[in-house]
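Descriptive structure summary
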There are 2 protein chains.
Amino acid sequence: MNYSLALLGATLLLAATAQVSQAQAPGGMEPPVKSPEVSKDRKVTFRLRAPNAKTVTVARDGAQPAPLTKDSAGVWTFTTEPLTPDIYSYNYVVDGLLIADPVNPVVRPGVSGGHQSLVTVPAVPPAVWETADAPRGTVHHHTFRSKAIGDERDYYVYTPAGYEYGQDTYPVLYLLHGLTDDASGWVTAGRANVILDNLIAGGRAKPMIVVMPNGYGLPDPAGNLGAMFQPGAAKKNREQFTKSVLEEVLPQVEKAYRAKSDRESRAVAGLSMGGGQAAHVGLNNLDKFAWIGCFSSAFVMLDQADQAFPNLSAKDNERIRLLWVGCGKDDFLIQSNRSTVEWLKSKGVKHTWVESEGAHSWPVWRRYLADFASLLFR
Amino acid sequence: MNYSLALLGATLLLAATAQVSQAQAPGGMEPPVKSPEVSKDRKVTFRLRAPNAKTVTVARDGAQPAPLTKDSAGVWTFTTEPLTPDIYSYNYVVDGLLIADPVNPVVRPGVSGGHQSLVTVPAVPPAVWETADAPRGTVHHHTFRSKAIGDERDYYVYTPAGYEYGQDTYPVLYLLHGLTDDASGWVTAGRANVILDNLIAGGRAKPMIVVMPNGYGLPDPAGNLGAMFQPGAAKKNREQFTKSVLEEVLPQVEKAYRAKSDRESRAVAGLSMGGGQAAHVGLNNLDKFAWIGCFSSAFVMLDQADQAFPNLSAKDNERIRLLWVGCGKDDFLIQSNRSTVEWLKSKGVKHTWVESEGAHSWPVWRRYLADFASLLFR
């Protein structure tokens, strides 16, 4: 208790990085750079201390990769033009190696080399995905041993503000992630909890529970990411996922939470792979779900529509409260989404088709969630 | 809906990495390597695809940094000797740049360049920190606007298995993290939820709620990490932290959860910075806490003991149910821990002193938590 605080501060910091300091180049103990930094005029500056790198680029949502330039201290920097307010995913590519920003604590973990850093360019007034004055809901993390899939897995549950203090029951949205996400994706990158907080506080959505399961129907998704598309594995993926959601996650949720359990109080939606799964789970189980949302969906993972939805017909229109299909004009899946919508028309199945701006990325999905959630359970 | 699935698999994977593929070196679209891989004889193989790197080392808990070697495909590899079963934190250092393992989804996020990858070397039978057959508790994530500190912050709450279905009330352990951790540290690296699940299932700990707050008493911890040790800032850090925990987090928890609120049903413990805070919060608020745990504590952040605990004396022994102080023999803080224990003796304050094997690292803290939690609320 008799050292100087300053010396001990240095000692503690050293200890925190002790194992790595020995391996770092000279200068490696310099304080970390600030990255990213967002200016008042909405420019983002990316920085990386990497004195020995030959090339560093930053790859982000909606932009071509941009080269950073190195200063005499070995810090690489790139500043964007003013950006549209949004949350942007980005990675650095350092001499060909893809990494997340080492000093940015906001990361969306990926299952297979997909860690992405996130930066928010704020809007005035705050956008629906930004934390503002709304009362806060809670995000609950559950783990369980899945018999349907044969592995350890997890899911997240959002409950709206006030849930803990009341006795109300709530409708439930099952919200499914995409390939390379893990179960946290709709929270970390999708900001589903913040979006719902804001919508509910503004009276723009009904208070609801949101369940975000692990979307892989095969164990070891990192090892099986490619396999998910092989014909046999893709079928097994969606069938086992559906079984796990309906027979494991849903009963657990309805036991642990004050969840309404009639079909009119259950929705299922998802993005990309999860959009295909939402269609598969929802349209084949209209006894359980009345509201379905398909965001930039990989309908292509479902084989042919006639085989994927063998029993679907115009007779189901009375049970479908909402079938919402959206895709960005610049999405690489736009053609198959248009084809699927044509197929729905040919079957006389009522639906809402939104062809929006945007590509296959989170800025689109956050907006879709806000739009879709606003329509539910009314 | 009429492409071949194989082609579409490739297309989807491409899209998932579209922004970065253009920036990557040739070969960048090759499937990610498997890393880390744990063999049956408890050797860990670390791999990194980085064809253009000059040197790659791996730095992990309890070992000197080890060099990886590159094969003709540009994949760097290092295999350890058989390791003692444990969970090991590690980072790569690529040409002087410290990074987490890009393909390992298990990451402990850090506030300032501290993302660390984690690998579990399993024990037979499973260690207390490994997921096994125990019924699972739930981890809840809360956010709020702190008036005490003036920022947005968060905390995690563990509830034991069955909490959702019952009416029991539970004692509460406040569990504080260390410098460079964020509020999730005790879950991601500390496995507090898994440890409690296993202890409770085995009858080795009383069912309890565990609250894991953000431990920084200053806003923008990444920007203020060094400042936390400057005399004025260190004081402000602990005083604002204490105020936020006692006046914001504790009342929120006791409103939202079925938490017992008598002093005999409240414990506070922490590691490193959090160990110092646990002493500060607990010993100065014995009207609120009866059980205190200090793991590898940065008592050095508290100024002199006489000033940090001005009212502490042997008269408090009747209120202290447990004051547990532990530190590893190889910890850089061992001397100040021994000094603090001597000071406690000189004051006649009863305590339990554990001088264990180990350094300033998570393998020590997971064991301390298991030992400490087993003693609580009995």
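Each remark here, short or long, concerns the structure printed above.
Throughout what follows, the structure given in this document is the object of discussion. (Residues numbered from 1 in each chain as written. Chains lettered and ligands numbered in written order. Predicted model: local features only at pLDDT ≥ 70, side-chain atom pairs only at ≥ 80, totals over all residues. Heavy atoms only, no water.)

**Quick word on the overall build of chain A**
Note the cut-off: Secondary structure elements follow DSSP: runs of H or I of four or more residues count as helices, runs of E of two or more count as strands, with numbering from the N terminus. Here the globule rule reads 2.2 Å times residues to the power 0.38, and the radius of gyration is calculated from C-alpha atoms. Classification of residues uses two cut-offs on accessible area relative to the type maximum, computed with a 1.4 Å probe and protein chains only: under 20% is buried, over 50% is exposed, and between them is partly exposed.
Per the secondary structure count, chain A includes ten helices and 18 strands. By the compact-globule yardstick of 21 Å for 378 residues, chain A fits well, its C-alpha radius of gyration being 23 Å. Overall, the C-alpha framework of chain A stretches about 75 × 45 × 45 Å when taken along its three principal axes. Going through the 378 residues of chain A one by one, you find that 60% of them count as buried.

**Some thoughts on the packing of helix α4 (residues 192–201) of chain B against helix α10 (residues 362–375) of chain B**
Residues and elements named next belong to chain B. The test is simple: Interaxial angles span 0 to 180 degrees and are taken between N-to-C directions of axes, which are lines fitted to C-alpha atoms, for helices over the stretch in contact. Oblique is the label for any angle not under 35 degrees, not over 145, and not in the 65 to 115 range, which are roughly parallel, roughly antiparallel and roughly perpendicular in turn. Working rule for handedness: look at the near helix, and if it is turned counterclockwise from the far one by less than a right angle, call the crossing left-handed; if clockwise, right-handed. What makes two residues a contact is simply this: any of their non-hydrogen atoms within 4.5 Å.
Contact geometry for α4 and α10: axes closest at 10 Å, N-to-C directions at 40°. As the angle between them shows, α4 and α10 are arranged oblique. The chirality of how α4 crosses α10 is right-handed. Contacts from Ala192, Ile195, Leu196 and Leu199 in α4 reach Arg366, Leu369, Ala370, Ala373 and Ser374 in α10.

**Topic: the pattern of salt bridges**
Residues and elements named next belong to chain A. What counts, and what does not: Here a salt bridge means any side-chain nitrogen of Lys or Arg lying within 4 Å of a carboxyl oxygen belonging to Asp or Glu.
Enumeration according to the criterion identifies 36 salt bridges over all chains in this entry. Lys43 is the salt-bridge partner of Asp41, the closest N and O atoms lying 3.7 Å from each other. Arg338 serves as the salt-bridge partner of Glu355, at 2.6 Å between the closest nitrogen and oxygen. Pair noted here: Glu355 is in strand β18 (residues 352–356) and Arg338 is in helix α9 (residues 334–347), with a separation of 17 residues, a long-range link. Look at Glu355 and you get partly exposed, because its relative accessible area is 28%. Here the salt bridges share partners, and the residues they tie into one network are Asp86, Arg366 and Arg367.

**Overview of the sheet that holds strand β2 (residues 44–49) of chain A**
Think of a sheet as strands paired side by side through backbone hydrogen bonds, with each pair either parallel or antiparallel. Residues and elements named next belong to chain A. As a reminder of what qualifies: Paired strands are those between which DSSP finds at least two bridges.
Read from one edge to the other, the open sheet built from four strands follows the order β1-β2-β6-β5, with strand pairing classed as antiparallel. A strand with exactly one partner marks an edge of an open sheet, and here the two such strands are β1 (37–38) and β5 (69–70). Sheet analysis places β5 next to strand β6 (residues 75–79), joined by two bridges and oriented antiparallel. Paired with Thr69 across the two strands is Thr77, which belongs to β6.

**Digging into the packing of aromatic side chains**
Under the convention used in this document: Here a pair means two rings of Phe, Tyr or Trp (six-membered ring of Trp) with centres within 6.5 Å. Their orientation is stacked below 30 degrees between planes, edge-to-face above 60, and tilted elsewhere. Placement of a charge over a ring requires the Lys NZ or Arg CZ to be within 6 Å of the ring centre, with the centre-to-atom vector within 35 degrees of the ring normal.
In this structure the tally under the stated criterion is 32 aromatic pairs over all chains. On the basis of an interplanar angle of 85° and a centroid distance of 5.3 Å, the ring pair of Trp362 of chain A and Trp365 of chain A is categorised as edge-to-face. Remark: Trp365 of chain A and Trp362 of chain A occur in helix α10 (residues 362–375); sequence separation between them is three residues, near one turn of the helix. One exposure class covers both Trp362 of chain A and Trp365 of chain A, and it is buried. Taken together, Trp186, Phe295, Trp324, Trp362, Trp365, Tyr368 and Phe372 of chain A form an aromatic cluster joined through their ring pairs. Here the basic side chain of Arg60 of chain B rests over the ring of Tyr88 of chain B, its NZ or CZ set 5.8 Å away from the ring centre. The side chain of Arg366 of chain B reaches across the aromatic face of Trp129 of chain B, ending 5.9 Å from its centre.

Purely geometric numbers; function is a separate question.
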